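Okay, here's what each chain looks like letter by letter:
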Amino acid sequence: MLDKLYANKGNIVTIDALCRAAWDDNLFGYENTLMVHIRRLREKIELEPSHPKYLLTVRGLGYKLVLEA
Amino acid sequence: MKGIMKIILRNVLSAGGIAVLLLITNLIILISWATYSSKDQTPKYSISNISQGLKREGTNFTLSDEASSLITDKFQWAMLLSDDGKVIWSKNLPEDVPLSYTSSDIASFSKWFLNDYPVKEWKHENGLFVLGDSKNSTWRYDFEATETSMYNAPKWLLSGLIINFLIAILLAFLFGIRFFLSLRTVIKGVEDMAEKKPIFLNIKGSFKDLANNINITSKELLRQQKLIEKRATARNNWITSVSHDIRTPLSMIMGYSSSLEDNKNFSEEERKQFSIIRSQSEKIKQLVNDLNLTVKLEYEMQPLNIQSFYISELVRKVVVDHLNNLCDDKYTLQLSVSDEVQSYMLNGDMRLFERALNNIIGNSIKHNENGCDIFIEMKKKTEGCIIEIKDNGTGFKDDVLENLNSSNEMPTSTSHGLGLFIVKQIISVHGGTIHFENLENGSSIVLYINN
């Protein structure tokens, strides 16, 4: 998942694309699992996992990995 | 088979109806005739009164005034026969009436006519009172029947009626079958004609003219069909080859202008001009592609690559692609997907759908140079789903809006609305409908998709 986000760094990656990258399946049924995994990723890379600065949520669409310019 | 039952049933019912109607009419005529003629007859039956009005006084007879006037008004003449058959009194006696009678004469005229005069007899205290009418005024029929035949008469009448009824229904049945048989070929022919098959009906009888007309119509339809197909193919081929011919040199222009744009030997100003050449060429290319696609969709020559896909996933992808490519903060894109529609799968051409959504969003961005907020909402309906795309921009021009909502014709002004026209075509080849609307500020496009 991080690989997929990094490959599209600076751009939004849809939740569907993340799902397909991680489980090779469609989103339906994975929404909560995906959220848990994003949370885990944040715990690993963010200083403050509850106030992310790098792995940002784009509501309803997906996530965006922002590397500081 | 359903057709034949219907036709026959209808025939039989109408025959039954006609039979009942005839019966009732006949009954009414009979009753009215009977009442009318009985009204005519009643005063004639006063023979006993007339007879009593004749009194003997010595050797003379006197007739009361009432009886006298009755004889002249209602009858013609009267006479009194003595027991030995002689006329002993008479009034208005015609000349051709004899003056003496044998008993066989009396028996004969009491049953039939007296010298063609219809007569009535009544027993008088002095003999037989005979009342005569003028010739040919009364029709007489001597009726005699055995007791058993009168007793059986109702049965015969009833069975006669039933037989009449059955014959009517049987005839209706046979006519129905005949009608259906001759109609069946015609029906088959018309069905074939609707399926654009060539037909030739050979029918004799009452449907001959109809069959001939159908044959002619079918021929004409096929001829026009071929003509239309030929024209459509020609137009499609022409546009395909022209757009191909345009695209090839255009690609070269774009390629060279792109490399010139990156060439550091040119000044900043010149490189900007190359950039404009490239971006405008891209627009031409896009236009040619649109033209090609819209013609193919119009003539149903675009092979659809039908597959099952999640529409919500596609919409998200399109929105994210736009967000990722927008380098301007003037535009915002928001998506709201209801939970039920997340799992909604659509059968259709994913690429075409993506194209449609791109066209809608791209249109909003292109026509609102000062920026706008685009809001996309997806909802589930009992059958299918709804995608509503709203923006708070300038909205559609009135004529464009009217053209998009009403006609299925290609837009007349090609610079406006071709992109949205393609959207409309794509949605309609997927069996959906589309509605364009101007909001208080901005516009709204609603797609109804159900399959």
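Residues numbered from 1 in each chain as written. Chains lettered and ligands numbered in written order. Predicted model: local features only at pLDDT ≥ 70, side-chain atom pairs only at ≥ 80, totals over all residues.

## Brief notes about the overall build of chain A
The secondary structure content of chain A amounts to 3 helices and 3 strands. Reading chain A from its N terminus to its C terminus gives the helix and strand order α-β-α-α-β-β. Partitioning the contacts of chain A with sequence separation of at least 6, the portion at a separation of at least 24 is 34%. (Helix = DSSP H or I, 4+ residues; strand = E, 2+ residues; numbered from the N terminus. Contact = placed C-beta atoms within 7 Å.)

## Considerations on the interface of chain A and chain B
On the chain B side, the residues contacting the 10 residues of chain A number 13 residues. Here the residues of the side of chain A that touches chain B are counted per class, giving 4 nonpolar, 5 polar and 1 charged. (Nonpolar A, V, L, I, M, F, W, Y, C, P; charged D, E, K, R; others polar.)

## Digging into the sheet that holds strand β1 (residues 12-14) of chain A
Residues and elements named next belong to chain A. Strand order in the open sheet made by the 3 strands is β1-β3-β2, with antiparallel pairing throughout. Both outer strands of the open sheet, β1 and β2 (55-58), are each paired with one neighbouring strand and no more. Taken pair by pair, the neighbouring strands of this sheet meet at an average axis angle of 30°, ignoring direction. The pairing of β1 with strand β3 (residues 62-65) spans 3 bridges and is antiparallel. Directly across from Ile-12, in β3, lies its bridge partner Lys-64. Sitting on the sheet, helix α2 (residues 15-23) touches β1 and β3, and the angle it makes with β1 is about 70°. (Pairing = 2+ DSSP bridges. Axes fitted to C-alpha atoms, helices over the stretch in contact; angles between N-to-C directions.)

## Let's talk about the nonpolar core
Val-315, Val-319, Ala-356 and Val-423 of chain B are the most contacted members of the largest nonpolar core, which has 48 residues in total. Those residues in contact with Val-319 of chain B, other than ones at most four positions away along the chain, are Leu-61 of chain A together with Leu-333, Leu-335 and Ile-376 of chain B. Listed in part, the 18 residues of the second largest apolar core include Leu-54, Ile-71, Tyr-117 and Val-119 of chain B. (Core = buried A, V, L, I, M, F, W, Y, C linked by C-beta atoms within 7 Å. Buried ≥ 20, exposed ≤ 12 C-beta atoms within 10 Å, placed from the backbone.)

## Some remarks on the packing of helix α7 (residues 268-298) of chain B against helix α12 (residues 418-429) of chain B
Residues and elements named next belong to chain B. Relative orientation of the contacting elements α7 and α12 amounts to 35°, with a least axis distance of 10 Å. Pair α7 / α12 crosses with left-handed handedness. When α7 is examined against α12, the residues Asp-290, Leu-293, Thr-294, Leu-297 and Glu-298 are found in contact with a partner set consisting of Leu-418, Gly-419, Phe-421, Ile-422, Gln-425, Ile-426 and Val-429. Considered class by class, the residues forming the contact of α7 with α12 number 7 nonpolar, 3 polar and 2 charged. (Left-handed = near helix turned anticlockwise from the far one by under 90°.)

## Observations concerning the sheet that holds strand β13 (residues 443-449) of chain B
All names here are of chain B. With respect to topology, 5 strands assemble into an open sheet ordered β8-β10-β11-β13-β12, the strand pairing being mixed. Because the sheet does not close on itself, it has two edges, and the strands there are β8 (332-337) and β12 (433-438). Geometrically, the sheet is characterised by an average inter-axis angle of 10° between neighbouring strands, direction not taken into account. With 6 bridges connecting them, β12 and β13 associate as antiparallel partners.

## Re α7 of chain B
Because an α-helix packs 3.6 residues into every turn, residues spaced three or four apart end up facing the same way. All names here are of chain B. With 31 residues, α7 extends 45 Å from end C-alpha to end C-alpha; this agrees with the ideal 45 Å at 1.5 Å per step. Those residues of α7 not exposed but buried are Ser-281, Thr-294 and Val-295. Where the residues of α7 are buried, they touch α6 (208-262) and α12. Among the residues trailing α7, Glu-300 stands out with phi positive, at a value near 50°. (Expected span 1.5 Å × (residues − 1).)

## Some thoughts on unusual backbone geometry
Residue and element names in this part refer to chain B. The phi dihedral of Asn-92 falls on the positive side, at around 50°, and the residue is not glycine. Relative to the assigned elements, Asn-92 resides in the loop between β4 (87-91) and α4 (103-111). Phi is positive for Asn-115, which is not a glycine, with a value near 50°. Counting through the fold element by element, Asn-115 comes out in the loop between α4 and β5 (119-124). When the 12 C-beta atoms within 10 Å are taken as the criterion, Asn-115 is described as exposed.

## Quick look at the packing of α6 of chain B against α7 of chain B
All names here are of chain B. As a packed pair, α6 and α7 sit with axes 9 Å apart at the nearest point and diverge in direction by 160°. Relative to α7, α6 is oriented roughly antiparallel. The way α6 lies across α7 gives a crossing that is left-handed. Tallied by class, residues from the contact of α6 with α7 come to 12 nonpolar, 8 polar and 8 charged. (Parallel < 35°, antiparallel > 145°, perpendicular 65-115°, else oblique.)

## Points about the pairing of β3 of chain A
Residues and elements named next belong to chain A. Inspection of the sheet shows β2 paired to β3 by 4 bridges, in the antiparallel sense. Within β3, the position partnered with Leu-56 by the bridge is Lys-64. Once β2 ends, the chain turns through 3 residues before running back antiparallel as β3, passing Gly-60 with a positive phi of about 80°.

## Digging into the environment of Leu-170 of chain B
Tracing the chain through its elements places Leu-170 of chain B in helix α5 (residues 147-194). Taking C-alpha positions, Leu-170 of chain B is 10.0 Å from Asn-11 of chain B, a pair spaced 159 residues apart along the chain.

## Brief notes about helix α10 (residues 350-367) of chain B
Residue and element names in this part refer to chain B. Here α10 is 18 residues long and its end C-alpha atoms lie 26 Å apart, about the 26 Å a rise of 1.5 Å per residue gives. Along α10, the positions that sit buried rather than exposed are Leu-352, Phe-353, Arg-355, Ala-356, Leu-357, Asn-359, Ile-360, Ile-361, Asn-363 and Ser-364. Against the buried residues of α10 lie α8 (311-325), β9 (345-349), β10 (373-380), β11 (385-391), α12 and β13.

## Details of the environment of Phe-165 of chain B
Considering the arrangement of structural elements, one finds Phe-165 of chain B in helix α5. The spacing of Phe-165 of chain B and Ala-15 of chain B is 150 residues in sequence and 8.6 Å in space, taken between C-alpha atoms.

## Regarding the pairing of strand β3 (residues 77-81) of chain B
Residue and element names in this part refer to chain B. Along β3, 4 of the 5 residues are buried, which leaves the element largely enclosed by surrounding structure. Pairing between β3 and strand β6 (residues 127-132): 5 bridges, direction antiparallel. Residue pairing in the sheet places Ala-78 in a bridge with Leu-131 of β6. Judged from the 4 bridges that link them, β3 and β4 form a sheet pairing that is antiparallel. Within β4, the residue paired with Met-79 across the bridge is Ser-90. Joining the antiparallel neighbours β3 and β4 is a turn of 5 residues, in which Gly-85 adopts a positive phi near 90°.

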